[in-house]
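The residues making up each chain are set out below.
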Amino acid sequence: MAAAISLLSLPPRASSSFFTSVTCRTTSPSITPNLSPSPPPPQPLLLPPEPKTNPVSSSSCSLHCRHFQSCSGCTHEHNLHQPPILNEAVEFFRNIGVSNFTFDSCRLWGWRCRAKLAVRGSAMEPLIGLYEEGTHNVVDIPECKAHHPSITAAVDLLKQAMVELNIEPYDEDKRTGELRYVQMAVTTYNTSLPATERYKNGKVQVALVWNSRNENSPSFEKLNALAKCIWIKGGPKREVHLIHSVWANFQTSTNNIIFGNRWRHLFGERDFWEHVGGIDVSMVPSSFGQANTRAFDSLLHKLQKYVPYGASVVDLYAGAGVIGLSLAATRKCRSVKCVEVNKEAKLSFEKTVSRLPATLDSSISWHLADTSKEPLSWLMGSDVVVVDPPRKGLDPSLLNALQSLSSMKLKDNLGESTKRKIRTEKRPWILRERDTSVQINSQMEQDTSPSLPQTLLYISCGWDSFKEDCMSLLSSKAWHLDKAHGFNFFPGTHSIEILAVFRRGSGVNIKRKKSGKKRRPT
Ligand SMILES: C[S@@+](CC[C@H](N)C(=O)[O-])C[C@H]1O[C@@H](n2cnc3c(N)ncnc32)[C@H](O)[C@@H]1O
């Protein structure tokens, strides 16, 4: 759905001579499907009406969610377009000389396209939702305003199927029961629909986390019956085709880890595609996926502008390589190396690559590796470094490596030890990860004249860790901050996503040059 864009006035503390823009896209609250106990078919999906074109008021940007306060998902209910942390972010960037920080408020309701929900309660009254703050009591959230309406409808359908088939939710204390969690992921990729219809017609990949070791357990028949029931009630033969596919994950552990290692595809399409950052992206249920598809797409389009055509890029903390591959396709990169520690992401990477334009002349690779080990070897030879770490921020060793670039010059940019490795091994990352990396083009980039990265694109979902990492990078004088953008990835919460653009060097010379020019007499 197209979104209205308007410029908002700044929060009071930020209204100064500094120019900071806040782009707000607003929609009205969604109307969730009717949860009558009568059987399916699922209700038609009702999305928010078309957006307003006037600047938003704070009251029109309220959550209006009856689960607020009992559910731990949202922490504030008003001014969704301006999360409380925004003032602090504006101030932070202003204090370090970035005056043109922008904030894109993105979609405010129905934005969550990926949800992991706990299943508790009883077979007759299942509860599907999030834990109450600080407890393991599950709060049922059938009318969650953050969920994409297809998730809401699919949860409703799952509950109906559970009641019908007498499926026992998991009991943490007794360690009994059958269904522990469900992950719902929405794909809005449907090219047979007009672009404006795609988002609201999203289909759901349902992953049922089953309390058994594998398919051979006695309860497998029940799991299969549940999956089949969901598929029949929401699959392609229904008037509203809601369910994309159904998967099973087997987990018996007593810790808090949601997924076990064993997955099985049960019904529907195996491949799950989304379109973001200008490319088709494949996601398997076991790999990391961004929850806010639309906001991620906005971020990717912004990020692309900072990557020169033909650049050599390393994408660290890459997941399935969505960022790197989007850059390969849209910026015609000479090479893209993706580094990720979760082996589950490899399959998605390979599938995504299979849909890149055949004409793409880029050396593309994905490496199953820990970024914190020998980080310098990943940085060398790249013009642009992209980092997208988990909430805790950069690994200290990577931070050190990035800081150490200040003392390196192009001609002696490889330390003796690294040089030695390269002479004998040519490409250390290839040798180190020979069995676990994927090289797409047979023409491997040789990196005969390795360059030092000039641009660091830092994507952060953890504001506190970002501030620390940012100050460490700046204090090393290896980098200066050129631009910063915020995105409302998680409306209703205290989190924002940051895209920070660092350039190599302290930035002092550039400023001096500029001011020197101005002072020169005419
Ligand atoms: C915030 S996600 C970003 C994923 C990806 N950039 C995307 O947008 O889809 C962080 C990723 O870093 C990975 N990760 C965490 N620690 C890592 C490490 N030390 N080395 C490599 N990858 C790591 C996680 O498995 C996860 O896929």
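- As named in an unreviewed UniProt entry, the protein chain is 23S rRNA (Uracil(1939)-C(5))-methyltransferase, taken from Handroanthus impetiginosus.

**Remarks on the domain arrangement of the protein chain**
Okay, step 1: What the domain assignment lists for the protein chain is domain 1 (25-80 + 109-270) and domain 2 (287-513).
Okay, step 2: Between domain 1 and domain 2, the residue contacts involve 12 residues of the former and 10 residues of the latter.
Okay, step 3: A breakdown of the residues in the side of domain 1 that touches domain 2 according to their chemical character gives seven nonpolar, three polar and two charged.

**Concerning the nonpolar core**
Okay, step 1: By size, the foremost hydrophobic cluster in this structure holds 134 residues, and its most contacted members are Ala154, Val182, Val206, Leu208 and Ile230.
Okay, step 2: In terms of residue count, helix H2 (residues 149-165) provides more of this core than any other element does, eight residues in total.
Okay, step 3: Ignoring anything within four residues of it in the chain, the contact list for Ile230 reads Leu157, Leu158, Ala161, Val206, Ile243 and Val246.

**Considerations on the environment of Glu77**
Okay, step 1: Within the secondary structure, Glu77 sits in the loop between strand E2 (21-24) and helix H1 (85-95).
Okay, step 2: When the C-alpha positions of Glu77 and Gln205 are compared, they lie 29 Å apart, and in sequence the two are 128 residues distant.
Okay, step 3: When sequence neighbours within four positions are dropped, the list of residues in contact with Glu77 reads Ser62, Leu63, Cys65 and Phe68.

**Some details on the pairing of strand E8 (residues 203-210)**
Okay, step 1: With eight of eight residues buried, E8 lies mostly within the body of the structure.
Okay, step 2: Neither face of E8 is exposed, since Lys203, Gln205, Ala207 and Val209 on one face and Val204, Val206, Leu208 and Trp210 on the opposite face are all buried.
Okay, step 3: Alignment of strand E7 (residues 179-187) against E8, held across eight bridges, turns out to be antiparallel. Bridging across to E8, Gln183 finds its partner in Ala207.
Okay, step 4: Summarising the sheet, E8 and strand E9 (residues 243-250) pair through seven bridges and their orientation is parallel. Across the sheet, the residue bridging to Val204 is Ile243, located in E9.
Okay, step 5: In this view, the connection linking E8 to its parallel neighbour E9 by way of helix H4 (residues 220-234) has right-handed handedness.

**As for the site of the ligand**
Okay, step 1: Neighbouring the ligand are 19 residues; Tyr317, Gly319, Val341, Thr371 and Asp388 lie closest to it.
Okay, step 2: Secondary-structure elements contributing two or more residues to the shell around the ligand are helix H6 (322-330) and strand E14 (335-340).

**Section: the UniProt feature "binding site: S-adenosyl-L-methionine" (unreviewed entry) in the protein chain**
Okay, step 1: Cross-referencing UniProt, the feature "binding site: S-adenosyl-L-methionine" (unreviewed entry) maps to Gln290, Tyr317, Glu340 and Asp388 in the present numbering.
Okay, step 2: On the secondary structure map, Tyr317 appears in the loop between strand E13 (312-316) and H6.
Okay, step 3: Relative to the assigned elements, Glu340 resides in strand E14.
Okay, step 4: Residue classification places Glu340 among the buried residues on the basis of 25 C-beta atoms within 10 Å.
Okay, step 5: Contacts of Glu340, omitting those with residues within four sequence positions, involve Tyr317, Ala318, Gly319, Ala345, Trp366 and Leu368.

**Details of the packing of helix H9 (residues 396-404) against helix H12 (residues 463-475)**
Packed helix pairs are characterised by how far apart their axes lie and by the angle those axes make with each other.
Okay, step 1: Taken N-terminus to C-terminus, the directions of H9 and H12 make an angle of 30°; their axes are 9 Å apart at the nearest point. Viewed along their axes, H9 and H12 adopt a mutual orientation that is roughly parallel. Handedness of the crossing formed by H9 with H12: right-handed. Listed contacts from H12 to Leu399, Leu402 and Gln403 of H9 are Asp469, Ser472 and Leu473.
Okay, step 2: Its residues assigned to classes, the contact of H9 with H12 comprises three nonpolar, two polar and one charged.

**Digging into helix H7 (residues 345-354)**
Okay, step 1: Here H7 has its buried residues at Ala345, Lys346, Ser348, Phe349, Thr352 and Val353. An end-on view of H7 places all buried positions within 165° of arc, on one side of the element.

**Remarks on the sheet that holds strand E10 (residues 262-268)**
Okay, step 1: The strand order across the open sheet built from seven strands is E6-E5-E4-E7-E8-E9-E10, with neighbouring strands paired in mixed fashion. Edge strands, defined here as strands with exactly one partner in the open sheet, are strand E6 (138-140) and E10. Taken pair by pair, the neighbouring strands of this sheet meet at an average axis angle of 35°, ignoring direction.
Okay, step 2: The strands touched by H2 are strand E4 (114-121), strand E5 (126-131), E7, E8 and E9; relative to E7, the strand with the most contacts, the crossing angle is about 145°.
Okay, step 3: Sheet strands touched by H4: E8, E9 and E10. Its angle to E9, the strand with the most contacts, is close to 170°.

**Concerning unusual backbone geometry**
Okay, step 1: In this model, Gln69 sits at a positive phi of 85°, which is unusual for a non-glycine residue.
Okay, step 2: By the element assignment, Gln69 lies in the loop between E2 and H1.
Okay, step 3: For Gln69, a count of 13 C-beta atoms within 10 Å translates into the label partly exposed.
Okay, step 4: Within the chain, Asn79 stands out as a residue other than glycine whose phi angle is a positive 50°.

**Section: the pairing of E14**
Okay, step 1: Burial within E14 is extensive, with six of its six residues counted as buried.
Okay, step 2: By the alternation rule, side chains of E14 split into Ser335, Lys337 and Val339 and Val336, Cys338 and Glu340, which are all buried.
Okay, step 3: Bridging between E13 and E14 involves five bridges; their strand directions are parallel. Looking at the pairing, Leu316 lines up with Val339 of E14.
Okay, step 4: In this fold, E13 hands off to H6, which returns the chain to E14; that crossover is right-handed.
Okay, step 5: Here E14 runs beside strand E15 (residues 363-368); their pairing, made up of six bridges, is parallel. Following the sheet pairing, Cys338 is matched in E15 by Trp366.

**Structural notes on the UniProt feature "active site" (unreviewed entry) in the protein chain**
Okay, step 1: Mapped onto this numbering, the UniProt entry gives "active site" (unreviewed entry) at Cys461.
Okay, step 2: Along the chain, the position of Cys461 falls in the loop between strand E18 (455-460) and H12.
Okay, step 3: Assessed through the 20 C-beta atoms surrounding it within 10 Å, Cys461 is described here as buried.
Okay, step 4: Cys461 has contacts with Arg391, Phe489, Ser495 and Glu497, leaving out every residue within four places of it along the chain.

**Description of the environment of Asn211**
Okay, step 1: Here Asn211 lies in the loop between E8 and H4.
Okay, step 2: Note on Asn211: 24 C-beta atoms within 10 Å, which makes it buried.
Okay, step 3: Placed 33 residues apart in sequence, Asn211 and Glu178 show a C-alpha to C-alpha distance of 4.9 Å.
Okay, step 4: Ignoring anything within four residues of it in the chain, the contact list for Asn211 reads Tyr170, Gly177, Glu178, Arg180, Gln251 and Thr252.

Cut-offs and rules
- Residues numbered from 1 in each chain as written.
- Predicted model: local features only at pLDDT ≥ 70, side-chain atom pairs only at ≥ 80, totals over all residues.
- Domains from an automatic or database assignment.
- Contact = placed C-beta atoms within 7 Å.
- Nonpolar A, V, L, I, M, F, W, Y, C, P; charged D, E, K, R; others polar.
- Core = buried A, V, L, I, M, F, W, Y, C linked by C-beta atoms within 7 Å.
- Buried ≥ 20, exposed ≤ 12 C-beta atoms within 10 Å, placed from the backbone.
- Helix = DSSP H or I, 4+ residues; strand = E, 2+ residues; numbered from the N terminus.
- Pairing = 2+ DSSP bridges.
- Right-handed = clockwise from strand over helix to strand, strands pointing away.
- Near = placed C-beta within 6 Å.
- UniProt positions renumbered as here; feature names shortened; annotations may be inferred.
- Axes fitted to C-alpha atoms, helices over the stretch in contact; angles between N-to-C directions.
- Parallel < 35°, antiparallel > 145°, perpendicular 65-115°, else oblique.
- Left-handed = near helix turned anticlockwise from the far one by under 90°.
- Arc of directions from axis to C-beta.

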